[in-house]
Structures are given as structure tokens and as C-alpha cells.
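# Architecture and fold: a report
This is what each chain is made of:
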Amino acid sequence: MVIERFFREIDAAWQPSGVDRIQLQVIGSAALMLQASYARGTKDSDVIETDEVTGTTRARLLDLAGKATPMARRHGMYLDVVARGLPFLPQVPRWHPVPSLGPSLRHFEVLVLDVVDVVVSKLKRYSANDATDVAAMVDLGFVPHERLIDRFEQAVDWFSCDARAEDLPKYVRRLHQVERDLFGVAETAIELPSWI
């Protein structure tokens, strides 16, 4: 798989800096492809900025595998680091190890965002590619409706605490579209802060 080869090359080229294995938390379509029998063309492999992936480590990763690097050109994909507060997620996202990468990496531990949490996060932007990803995960049976609603409500609770809350009605409309079009069920009433 292209994404696995990409992470293996990053690992092989990495020059350790005295730190134990660095955790890379992968989100988006790359996370879906690393845990489901699913493939579609993607150019980026997004990882969340964490305490381990910041500062010098972040810069070194982007210099090695970021956009327009030789490694990115070889694999047709690049690594991008996303600010931790940017994705629409519950306060405590669910992460899973990637068994096929675990034993083969010396410097990194790759964790992928849970499929349902990826689907929730995609409702923020919901581009054509996001809609394709969501439909594929529902079709493959990775997204139980009740769990989707539970995780969506947890993300709403977390985003309700700050200025990002003003965008929540858009995300709810997108959730309702998914419910109608992909699940064939009635729209779930989602409670939003009264000031929205």
C-alpha cells in the first residue's frame, strides 16, 4: 500500500534525536485507508500536531516528507501537520495502532483516527472527496448510526466552548444530509448552544 510505503520511507530516513519512538497521529482519508479495505487518490497524509510533533520535530518531518520534497514526489503524496484544535472532533479522539506498520518502524509509532471520528471530522469541510470517503465508510459498515450521532454530539459539546461554535449549524446540516442520503433515517435533533 502506497501510504504504508510512504511511512516506512519516512522512518528509514529519520535521524533520531535521542527521543523514543515518536507518535504520529494520522487523520483524514489516509487514516481510513490504513484501517479499511478502501483506496482513493490522495495527495496528503495529515498528522495532528502533538507535544511530540512540534517545533524542531515538526520542521524536520516537513523538510523530509512535506509538500514538494523528493520523498513526496516519489510517493505522489506528502506529509502535512495539522494544528490540534483545527479538526472537528470530540475532546478525546479515539486512536488505533496500525498492526501492519507497528513492527516495521523503528522511530515512529503510527496511530490512526477511528473511522467514525474521521467521518465526524469530515463534516466540517465536506468537500466532494470528503463525501466520497463518508459514503464509502457507511457502505463498508464502519459507521454505525448510533455511534456517529454519539461522537458528533461529543464534538459539538467540545466546539461549543469557543468562537468555533458559530459554524456548528453547517455541520449539523451536513450530518442530516448523511442521515437522509446514506442511512435513510430521519434527521436527529442536535442540541446547539442557545446563543447560536
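So, how was this worked out
- Residues numbered from 1 in each chain as written.
- Predicted model: local features only at pLDDT ≥ 70, side-chain atom pairs only at ≥ 80, totals over all residues.
- Heavy atoms only, no water.
- Phe/Tyr/Trp six-rings, centres within 6.5 Å; stacked < 30°, edge-to-face > 60°.
- Helix = DSSP H or I, 4+ residues; strand = E, 2+ residues; numbered from the N terminus.
- Buried < 20%, exposed > 50% of the residue type's maximum accessible area, 1.4 Å probe, protein only.
- Patch = residues over 30% accessible without salt bridge, like charges linked within 9 Å, V, L, I, M, F, W, Y side chains within 5 Å.
- Areas by Shrake-Rupley, 256 points an atom, 1.4 Å probe, with all protein chains shown as cover.
- Salt bridge = Lys/Arg side-chain N within 4 Å of Asp/Glu carboxyl O.
- Lys, Arg positive; Asp, Glu negative; His and termini not counted.
- Charge placed at Lys NZ, Arg CZ, Asp CG, Glu CD.
- Axes fitted to C-alpha atoms, helices over the stretch in contact; angles between N-to-C directions.
- Left-handed = near helix turned anticlockwise from the far one by under 90°.
- Contact = heavy atoms within 4.5 Å.
- Arc of directions from axis to C-beta.
- Pairing = 2+ DSSP bridges.
- Parallel < 35°, antiparallel > 145°, perpendicular 65-115°, else oblique.
- Nonpolar A, V, L, I, M, F, W, Y, C, P; charged D, E, K, R; others polar.

## Some thoughts on the packing of aromatic side chains
One pass over the structure, following the stated rule, counts 5 aromatic pairs. Seen from their ring centres, Phe88 and Phe159 are 4.9 Å apart, and the 90° between their planes marks the pair as edge-to-face. Separated by 71 residues along the polypeptide, Phe88 in the loop between strand E3 (78-82) and strand E4 (95-97) and Phe159 in helix H7 (residues 145-159) bring together distant segments of the chain. The two residues Phe88 and Phe159 agree in class, both being buried.

## A closer look at a negative patch on the surface
A cluster of acidic side chains, namely Asp150, Glu153, Asp157 and Glu191, defines a negative patch on the protein surface. The topology assignment puts Asp150 in helix H7. We classify Asp150 as partly exposed; its relative accessible area is 34%.

## What about the packing of helix H1 (residues 2-13) against helix H3 (residues 55-65)?
At a closest axis distance of 11 Å, the pairing of H1 and H3 adopts a crossing angle of 115°. Classified by chirality, the crossing of H3 by H1 is right-handed. Contacts from Phe6, Ile10 and Ala13 in H1 reach Leu61, Leu64 and Ala65 in H3.

## So, the side chain of His75
Structurally, the position occupied by His75 is in helix H4 (residues 70-75). Looking at His75, the relative accessible area reads 18%, which means it is buried. Aside from chain neighbours lying at most four places away, what touches His75 is Val2, Arg5, Phe6 and Glu9.

## Concerning unusual backbone geometry
The phi angle at Ala68 is positive, at roughly 70°, despite the residue not being glycine. Checked against the element boundaries, Ala68 lands in the loop between H3 and H4. In this structure, Tyr126 is a non-glycine residue whose phi angle is positive, near 50°. Take Tyr126: its relative accessible area is 16%, and that puts it in the buried class.

## Quick look at H3
An α-helical turn contains 3.6 residues, so a residue and the one three or four places further along point in the same direction. Burial in H3 covers these residues: Thr57, Leu61 and Ala65. Looking straight down H3, one finds that the buried residues subtend no more than 35° of arc, so they occupy a single side. Those residues of H3 that are exposed and aimed more than 90 degrees away from the buried face are Thr56 and Asp63. Considering only its buried residues, H3 is in contact with H1, strand E1 (22-26), H4, E3 and strand E5 (108-113).

## Here's the deal with the pairing of E3
For E3, the buried fraction is high: 4 of the 5 residues fall into the buried class. Where strand E2 (residues 44-48) and E3 come together, 5 bridges link them in parallel fashion. Considered in E3, the bridge of Asp46 is made with Asp80.

## Some details on the packing of helix H6 (residues 128-139) against helix H8 (residues 168-183)
Contact geometry of H6 with H8 gives a least axis separation of 11 Å together with a crossing angle of 50°. As far as their axial angle goes, H8 and H6 are oblique. You can see that H6 and H8 cross each other, and the crossing is right-handed. For the pair H6 and H8, the contacting residues are Val134, Ala135 and Val138 in the first and Val178, Leu182 and Phe183 in the second. The residue makeup of the contact of H6 with H8, split by class, is 6 nonpolar, no polar and no charged.

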